[in-house]
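The chain contents come next:
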Amino acid sequence: MEDAKYTEEMVLVYHFKYMREYRGVSVLWAVLTIIWCILNIVCFVQPQWIGDTEESIGYGHIGVYAYCYPDAVNGKYICSGSFTDFDTILNGSFKASTFFCGVAALLMLITVAALMLFFCFKKTAVFVFCGILELVVAIFMFLACVIFPSGWGEQRVYDLCGAEAGEYKIGKCGVRWAYILAMLGIFDAFVLALLAFFLASKRAKPGKQARYVNGTVTKSELNGGYSETMSKKSIAIQPQVLAVPADGVGGEPDRYSEFSRHSEKPRSRGGFQL
């Protein structure tokens, strides 16, 4: 019985290690989600998507909805355009980029708020919900980054970047850090969505503990599986009963296997006992 107890303890140890690693990855995913939410908002509000360079004919920088130019009096930058008033945005392409980038930032805020649902609802459902939101965020950020260059044919862009500028032609201006961060955010949101779906598929069933039926342990339990996606046809590992010589044979006393059950029936003294 000591080996059976040892097997039970090992299964519990494997299950504990599995759940510890699972919780660690879940916490990492939550932290990265919060970080990307902050960066997504920064990408949206900062008008640093394209801007002047040493070769450009003008001074200033442009974001998805705001255009900033220096004031000739005090030298400070004055920004015009607001995401709350689409009429102040330069053209239709910038309006579309503002919409997609703004909705992506809003969805990330909802995703961060949804982290509180882990205390109220089934964790698998929360992971799936957050993964869907992050996947939509990745698609919206991709659309914002692709549509934005189509608005470079605006007169304000010509004044800043020169006559060489046009749709998908930046002229003598340069790409700023907010645009690069937005493009990196596409992959970031996509990876976070995949990780959320992975955690949802590997989530252990609530309250499920190691189960033993007549001393049998499945391979999935030995591997710390307990996952919802694991095959139901687990191969049971049965403890083997060893044949031991009877008393007086080979000088060894008669005894039971540690895995066998004691029987109240009298034993034969002249053979092998199973």
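This text follows the structure it describes.
Rules of the game
- Residues numbered from 1 in each chain as written.
- Predicted model: local features only at pLDDT ≥ 70, side-chain atom pairs only at ≥ 80, totals over all residues.
- Heavy atoms only, no water.
- Core = buried A, V, L, I, M, F, W, Y, C linked by side-chain atoms within 4.5 Å.
- Buried < 20%, exposed > 50% of the residue type's maximum accessible area, 1.4 Å probe, protein only.
- Helix = DSSP H or I, 4+ residues; strand = E, 2+ residues; numbered from the N terminus.
- Axes fitted to C-alpha atoms, helices over the stretch in contact; angles between N-to-C directions.
- Parallel < 35°, antiparallel > 145°, perpendicular 65-115°, else oblique.
- Left-handed = near helix turned anticlockwise from the far one by under 90°.
- Contact = heavy atoms within 4.5 Å.
- Nonpolar A, V, L, I, M, F, W, Y, C, P; charged D, E, K, R; others polar.
- Disulfide = S-S within 2.5 Å.

Visitor: An account of the nonpolar core is needed here, citing residue identities and associated values.
Guide: Ranked by internal contacts, the top residues of the largest apolar core, which has 53 residues, are Trp 29, Trp 49, Ile 62, Val 137, Met 141, Phe 148 and Trp 152. At the level of elements, helix 1 (2-45), helix 2 (92-114), helix 3 (123-147), helix 4 (155-161) and helix 5 (177-201) are the ones that each hand at least two residues to this core.

Visitor: Give a description of the packing of helix 3 against helix 5 that names residues and reports values.
Guide: Look at helix 3 against helix 5: their axes get within 8 Å of each other, and the N-to-C directions meet at 160°. Taken together, the axis directions place helix 3 and helix 5 in an arrangement best described as roughly antiparallel. Crossing of helix 3 over helix 5 shows left-handed handedness. The segment helix 3 lies against helix 5, with Thr 124, Phe 127, Val 128, Gly 131, Ile 132, Glu 134, Leu 135, Val 137, Ala 138, Met 141, Phe 142 and Cys 145 engaging Tyr 179, Ala 182, Met 183, Ile 186, Ala 189, Phe 190, Leu 192, Ala 193, Ala 196, Phe 197, Leu 199 and Ala 200. Here the contact of helix 3 with helix 5 is built from residues that sort into 21 nonpolar, 2 polar and 1 charged.

Visitor: Any chance you could break down the state of the cysteines for me, citing the residues and the numbers?
Guide: Within this structure, the stated rule accounts for 2 disulfides. The disulfide that involves Cys 68 links it to Cys 79, with 1.9 Å between the sulfurs. Because the torsion about its S-S bond is 105°, the bridge between Cys 68 and Cys 79 counts as right-handed. A residue pair is termed long-range when its members are at least 10 positions apart, and Cys 68 in strand 3 (residues 67-70) and Cys 79 in strand 4 (residues 77-80) qualify at 11 residues. Note on cysteine connectivity: Cys 161 is disulfide-linked to Cys 173, with sulfurs 1.9 Å apart.

These figures come from the coordinates and say nothing about function on their own.
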